[in-house]
Amino acid sequence: MSALPLPAPLPAALAAWARGGGPAQPYVLLADRPDGTVVRCGDAVAKAHAPGSDPEALAARIRVAGSGPLAGVLLPPLRTGAVHGRTVSLWPYGTPVDPARPEDAPWEEAARLLAALHRTGLRDLPGPLPPMRGPAKVARALRRLSRAPQSDPDGVRAVRAAAATLPDWARGEAVPPAGAVVLCHGDLHLGQLVRHPVPDGPWRLIDVDDLGLGAPAWDLARPAAWYAAGILAPEAWLRFLDAYRAAGGPAAGPPGSDPWLELDLAARALTVQTAALALAKAAPARRPLDEGERLMLDSCVRMATLRAELEP
């Protein structure tokens, strides 16, 4: 009896699905992580979403990305399907931000797109949306840290102490307090922007895996945390903040006000999440933290120290 053929590895199977079962063509593997595999096939990009993703929530997010109110903000999907038991989606290829030219980083464009996303009328969206996953991602990062080898016990203690300064809902351990919610991206960073059509079309936001309803401050958390940690230059932070406010973004207060009244909690939560993931990834790889990771861990140390100094 002849042996059954082995199934193609996920990237190759994903590329075959993207081609619609046509003749084999080369593809480019853009990412292959536990939370997603991404390949480029010509002018399209296919993504296998994380195992265990809620199919209904993901379908709602993708449906919103293709809706009229988000035209010009989110890159629209081409189609969806399943490969190797994973939900997969196909998207137009866009020109990404060039990491070798940080001086050209489109901070103002990112801010304007984010403000437009936050101003989207919820009644205009096609159907209900799940919550934005900000607090859930903090909880997931802390769980991953607890399971990882602990080659830096002082760092782990600092992250846990910093996490203890957050309210339980910000660690994903309780229901968030009632308040105004908007449509949030859920994972904003410069890797989530592309130009479409290529090579120099307008900028669009991509990656809707965390899209949902929530407090808009969480979408500004990463640049705010980077600025507070010394990773993002003050000039870039102010360009981003001013452009967001000028575009009517609701998350940072009006121009001239103190943005940290709105952003402090989300920025601290993102700092804990980033430092926890950094330690969890560095230990099994037997590598030291890079400069950015170390700066985020230092921010956790300051958070924990300030908490200790303020306690009676």
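Scroll up to find the structure.
Heads up: these notes are all about the structure in this document.

The rules behind the values
Counting starts from 1 at the beginning of each chain's written sequence and moves along it residue by residue. With pLDDT at 70 or above as the cut-off, local features in this predicted model cover only qualifying residues; side-chain atom pairs require 80 or more to be listed or tallied, and sums for whole chains, interfaces and linings still use all residues. Hydrogens are left out, water is left out, and the side-chain values use all remaining heavy atoms of the structure. Note on geometry: axes are C-alpha line fits, over the in-contact stretch for helices, and angles between N-to-C directions span 0 to 180 degrees. Strands are runs of DSSP state E lasting at least 2 residues, helices are runs of H or I lasting at least 4, and numbering of each runs from the N terminus. By definition in this entry, angles of less than 35 degrees are roughly parallel, angles greater than 145 are roughly antiparallel, angles of 65 to 115 are roughly perpendicular, and the rest are oblique. A clockwise turn of the near helix away from the far one marks a right-handed crossing, whereas an anticlockwise turn of less than a right angle marks a left-handed crossing. We call two residues contacting when some pair of their heavy atoms lies within 4.5 Å. Here the nonpolar group is Ala, Val, Leu, Ile, Met, Phe, Trp, Tyr, Cys and Pro; Asp, Glu, Lys and Arg are the charged ones; every other residue, Gly included, is treated as polar. Note on pairing: DSSP must find at least two bridges between two strands before they are called paired. For the exposure calls, accessible area comes from a 1.4 Å probe over protein chains only, and a residue counts as buried if that area is under 20% of its type's maximum, exposed if over 50%, partly exposed in between. The definition of a nonpolar core used throughout is a set of buried Ala, Val, Leu, Ile, Met, Phe, Trp, Tyr and Cys residues joined through side-chain atoms within 4.5 Å.

## Points about the packing of helix H4 (residues 134-147) against helix H8 (residues 260-285)
Two quantities define a packed helix pair, namely the angle between the axes and the distance from one axis to the other. One way to put it is that H4 packs onto H8 with a least axis distance of 8 Å and a crossing angle of 30 degrees. By the criterion of interaxial angle, the relationship of H4 to H8 is roughly parallel. Crossing geometry of H4 relative to H8 is assigned as left-handed. Facing H4, whose interface residues are Gly-134, Lys-137, Val-138, Ala-141, Leu-142, Arg-144 and Leu-145, H8 presents Ala-269, Val-272, Gln-273, Ala-276, Leu-277, Leu-279, Ala-280 and Lys-281. Residue classes in the contact of H4 with H8 are distributed as ten nonpolar, two polar and three charged.

## A few points about the sheet that holds strand S6 (residues 95-96)
Taken together, the three strands give an open sheet; going across it, the order is S6-S8-S9, and neighbouring strands pair in antiparallel fashion. The strands lining the two open edges of the sheet, one partner per strand, are S6 and strand S9 (203-205). Of the strand pairs in this sheet, strand S8 (residues 193-195) and S9 are connected by three bridges, and their pairing is antiparallel. Looking at S9, one finds that Leu-193 is bridged to Leu-205. Sheet contacts for helix H3 (residues 107-118): S8 and S9; angle to S9, the most-contacted strand, approximately 50 degrees.

## Description of the environment of Ala-243
One can find Ala-243 in helix H7 (residues 234-246). Judged by its relative accessible area of 9%, Ala-243 falls in the buried class. Residues within four places of Ala-243 in sequence aside, it is in contact with Glu-108, Ala-111 and Arg-112.

## So, helix H1 (residues 10-18)
Most of H1 sits out of view: seven of its nine residues are buried. Packing partners of the buried residues in H1 comprise strand S1 (28-33), strand S2 (36-41), strand S3 (44-49), strand S4 (79-83) and strand S5 (86-92). After H1 finishes, the residue Gly-20 shows a positive phi value of roughly 70 degrees.

## Some remarks on the pairing of S4
Note that S4 and S5 share five bridges and pair antiparallel. Counterpart to Arg-79 in the pairing with S5 is Leu-90. Between S4 and S5, which pair antiparallel in sequence order, lie two residues; one of them, His-84, sits at a positive phi of approximately 55 degrees.

## Some words on the nonpolar core
Counting residues in hydrophobic clusters, the biggest one holds 75 residues, and the most contacted among them are Leu-74, Val-159, Phe-240 and Val-272. Of all the elements, H8 adds the most residues to this core, at eleven residues. Excluding residues within four positions of it along the chain, Val-272 makes contact with Val-138, Leu-142, Val-159, Ala-162, Ala-163, Leu-166, Cys-300 and Met-303. Membership of the second largest hydrophobic core comes to 14 residues, among which are Trp-17, Val-39, Val-88 and Leu-90.

By themselves these figures say nothing about function.
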